Amino acid sequence: MDIRTQKTFEALFALEDIREILRQRLPNTKSPEEENTIKESVNKVRKFLDDIENDAGTPEVRKIADNIDIRSREETNINIQPIQAAGRLTPEARKALIAYGDGYSTCDACRKPFRLDKISSPPIAPFHEQLASFVNMDVARVVPGARRGFQAVTSSLVNKGDSVIVSALAHYTEFLAVEGAGGIVREVPLNEHNIVTADATAEKIEAVKQETGKLPVLVMIDHFDYQYANEHDVKGIAKVAHQYDIPFLYNGAYTVGVRPVDGKDIGADFVVGSGHKSMASPAPSGVLATTEEWAPRIFRTTQMTGDLTKRKFGVKEVEMLGCTLMGSTLLGMMASFPTVKERVKNWEDELKKSNYLIDGLLAIEGSKVVSEYPRKHTLSKVDTINSFDLVAQKNKRRGFFLSDELSKKGIVGEFAGATRVWKLNTYGLSWEKVRYVVDTFQEIAEKYDLQVNKEKNSND
Ligand SMILES: Cc1ncc(COP(=O)(O)O)c(C=O)c1O
């Protein structure tokens with residue numbers, strides 16, 4: 001890990017030591033020993049910061065830093081890991097993690113009606129309103145991951161034996177959410193381009209009706225699937241669902257937080273997003289948004305009472321089990337939100353970078369893109385069986401050859417040893433880094449005598 005990064009972490013940890021001392025003592029008291037320890041910690045922080053200033057390059061400092069066991073991640077490398085890219089935290093979220101690590105720290109100012117989305121300090125209530133308007137829906141709740149959003153909807157709408165329409169590329173969590181509610185999943189087949197269309201959805205609804213004598217109770221489709229990150233016709237599918245009076249759940253795990261999402265324009269009854277996948281938020285986090293029409297059903301409040309001691313549970317929402325995200329998970333999500341709101345405006349540029357990288361790979365003899373092309377997402381599946389893998393077969397590192405070559409150049413994140421048909425993601429990489437990645441791929445290709453057609457490189 002880069003020495004500056006090491007030192008920055010160390011400074012943060014030393015600050016935590018100071019906070020711990022402050023936490024331990026009674027208000028308005030100071031013991032000389034504590035003051036000394038605080039001074040020492042403050043000096044430590046100062047020293048780390050000075051070291052960073054001075055480049056911390058001396059062998060002594062380097063030796064200390066080398067012994068600190070902090071996992072080296074994207075801080076010192078270019079990380080093209082397929083699923084982490086848009087979930088990576090902002091510096092604001094990282095600070096919130098430190099400050100709000102205690103789970104119930106969100107609850108200091110929880111007052112009647114005692115519910116997470118009503119807390120105004122920190123500003124959790126307005127955050128919920130902003131989340132709803134961010135995806136152009138009426139009401140939103142934070143949930144522990146997109147999967148819990150699916151679950152809240154299926155558990156409210158699906159009864160035993162009911163059919164739910166999903167895509168043939170649906171994420172496994174959608175299957176589990178339906179299964180948990182006792183429903184049966186019916187998959188819409190893909191067309192020859194691995195896309196789910198509105199027509200295919202209509203045919204599936206008809207087939208289910210014929211077979212079971214009942215209409216499905218929910219249509220749930222991923223805007224971009226996890227396998228190819230192909231775009232599916234969510235707007236057309238929502239229209240078809242509504243023609244049959246079936247509600248439509250839009251799975252925005254790969255969109256909410258990276259590109260603009262307009263739930264009303266799509267015709268969604270429910271919009272689900274994933275905080276840790278696409279909103280620069282800690283795991284597990286996500287959002288479930290809905291319309292005024294559906295909110296009373298999905299966010300219904302408890303009817304239960306504890307009769308023996310006459311207890312009532314107020315406005316606690318059943319599907320949310322009262323409250324959902326607390327402490328640093330929620331505050332991390334909130335801290336990243338201003339950045340997330342702004343960054344969705346850069347989606348077109350993100351797509352240019354994604355296509356630049358894919359074009360750079362396609363310029364290498366034998367390489368293919370398995371996802372739809374041109375790319376409409378920053379996540380892509382590529383096939384290098386007839387390019388880098390031909391080299392790997394003759395190389396002593398075999399399947400690890402490409403990962404080894406990439407990591408020598410500071411590029412990480414692919415699944416080492418599994419780079420025949422594989423996924424990568426360019427989200428959030430600067431143009432400089434994307435160019436570096438393309439140049440590196442092409443340099444490796446040339447080093448091992450694969451042809452590179454430089455004319456194919458796209459202009460950014
Ligand atoms: C398309 C899709 N939907 C849903 C999920 C589940 O998201 P979460 O981890 O937020 O529950 C994933 C996670 O990989 C996904 O790829």
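These numbers were taken from a predicted model, which means no experiment stands behind them.

(A) Spotlight on the overall build of the protein. Summing up its helical and strand segments, the protein has 17 helices and 14 strands in all. Principal-axis analysis of the C-alpha atoms places the extent of the protein at approximately 75 × 70 × 35 Å. Within the protein, the fraction of its 460 residues that count as buried is 51%. Sequence separation of at least 24 residues holds for 67% of the intrachain contacts in the protein that already meet a minimum separation of 6. Here the protein displays about 22,600 Å² of accessible surface, and carbon together with sulfur accounts for 51% of that area. Mean positive and mean negative side-chain charge positions of the protein (62 and 65 charges, respectively) differ by 3 Å.

(B) The nonpolar core, seen in detail. Core analysis: the biggest nonpolar cluster contains 47 residues, and Val219, Phe248, Tyr250, Val256, Val271 and Leu330 have the highest contact counts within it. When residues of this core are traced back to their parent elements, those giving at least two are α5 (124-134), β2 (139-143), α8 (198-212), β5 (218-222), α9 (234-243), β6 (248-251), β8 (286-290) and α13 (327-343). Broken down by element, the residue count for this core peaks at 6 residues, all from α13. For Phe248, the contacting residues outside a window of four places in its chain are Val219, Ile221, Val234, Ile237, Ala238, Ala241, His242, Ile266, Gly267, Ala268, Asp269 and Phe270.

(C) Representation of the site of the ligand. Every one of the 14 residues lining the ligand counts as a neighbour, but Ala146, Arg147, Ser274, His276 and Lys277 are closest to it. Between the ligand and His171, the relevant distance is 3.1 Å, taken from an oxygen atom to a side-chain nitrogen or oxygen of the residue. Asn251 has a polar side-chain atom sitting 2.9 Å from a nitrogen atom of the ligand. For the ligand, whose free accessible area comes to 390 Å², the fraction covered by protein is 94%. When residues of the shell around the ligand are assigned to their parent elements, the largest contribution, 3 residues, is made by helix α6 (residues 146-157). Looking at side-chain class alone, the shell around the ligand contains 5 nonpolar, 6 polar and 3 charged residues.

(D) Structural view of the sheet that holds β6. Taken together, 7 strands build an open sheet; the order of strands is β2-β8-β7-β6-β5-β3-β4 and the sheet is mixed. Either end of the sheet is taken by a strand with one partner, and the two such strands are β2 and β4 (184-188). Across the sheet, the axes of successive neighbouring strands diverge by a mean angle of 20°, strand direction being ignored. Across 5 bridges, β2 lies against β8 in antiparallel orientation. Looking at β8, one finds that Val143 is bridged to Gly286. The strands touched by α5 are β2 and β8; relative to β2, the strand with the most contacts, the crossing angle is about 110°. Seen against the sheet, α9 touches β5 and β6 and runs at an angle of roughly 165° to β6.

(E) The packing of aromatic side chains, seen in detail. This model, assessed by the stated rule, comprises 8 aromatic pairs. Judged by centre distance (6.3 Å) and plane angle (35°), the ring pair of Trp347 and Tyr427 falls under tilted. Of the two residues, Trp347 sits in helix α14 (residues 347-362) while Tyr427 sits in the loop between β14 (421-425) and α17 (431-447), which places them 80 residues apart along the sequence. Each member of the pair Trp347 and Tyr427 is classed as buried.

(F) Local environment of the UniProt feature "modified residue: N6-(pyridoxal phosphate)lysine" (unreviewed entry) in the protein. Those residues carrying the UniProt feature "modified residue: N6-(pyridoxal phosphate)lysine" (unreviewed entry) are Lys277 in this numbering. Structurally, Lys277 can be placed in helix α11 (residues 275-278). Here Lys277 is in contact with Ile83, Ala86, Gly87, Ala253 and Tyr254, once residues within four sequence places are set aside.

(G) Summary view of the packing of helix α16 (residues 401-408) against α17. Running from N to C, α16 and α17 cross one another at 125°; their axes reach a closest spacing of 10 Å. Considering the angle they form, α16 stands oblique to α17. Crossing of α16 against α17: the hand is right-handed. Two secondary-structure elements touch here, α16 through Phe401, Leu402, Glu405, Leu406 and Lys408 and α17 through Thr440, Phe441, Ile444 and Lys447. In terms of residue class, the contact of α16 with α17 is built from 5 nonpolar, 1 polar and 3 charged.

The rules behind each value
- Residues numbered from 1 in each chain as written.
- Predicted model: local features only at pLDDT ≥ 70, side-chain atom pairs only at ≥ 80, totals over all residues.
- Heavy atoms only, no water.
- Helix = DSSP H or I, 4+ residues; strand = E, 2+ residues; numbered from the N terminus.
- Buried < 20%, exposed > 50% of the residue type's maximum accessible area, 1.4 Å probe, protein only.
- Contact = heavy atoms within 4.5 Å.
- Areas by Shrake-Rupley, 256 points an atom, 1.4 Å probe, with all protein chains shown as cover.
- Lys, Arg positive; Asp, Glu negative; His and termini not counted.
- Charge placed at Lys NZ, Arg CZ, Asp CG, Glu CD.
- Core = buried A, V, L, I, M, F, W, Y, C linked by side-chain atoms within 4.5 Å.
- Near = heavy atom within 4 Å.
- Polar contact = N/O pair within 3.5 Å; in protein donor to acceptor, adjacent residues only side chain to side chain.
- Nonpolar A, V, L, I, M, F, W, Y, C, P; charged D, E, K, R; others polar.
- Pairing = 2+ DSSP bridges.
- Axes fitted to C-alpha atoms, helices over the stretch in contact; angles between N-to-C directions.
- Phe/Tyr/Trp six-rings, centres within 6.5 Å; stacked < 30°, edge-to-face > 60°.
- UniProt positions renumbered as here; feature names shortened; annotations may be inferred.
- Parallel < 35°, antiparallel > 145°, perpendicular 65-115°, else oblique.
- Left-handed = near helix turned anticlockwise from the far one by under 90°.

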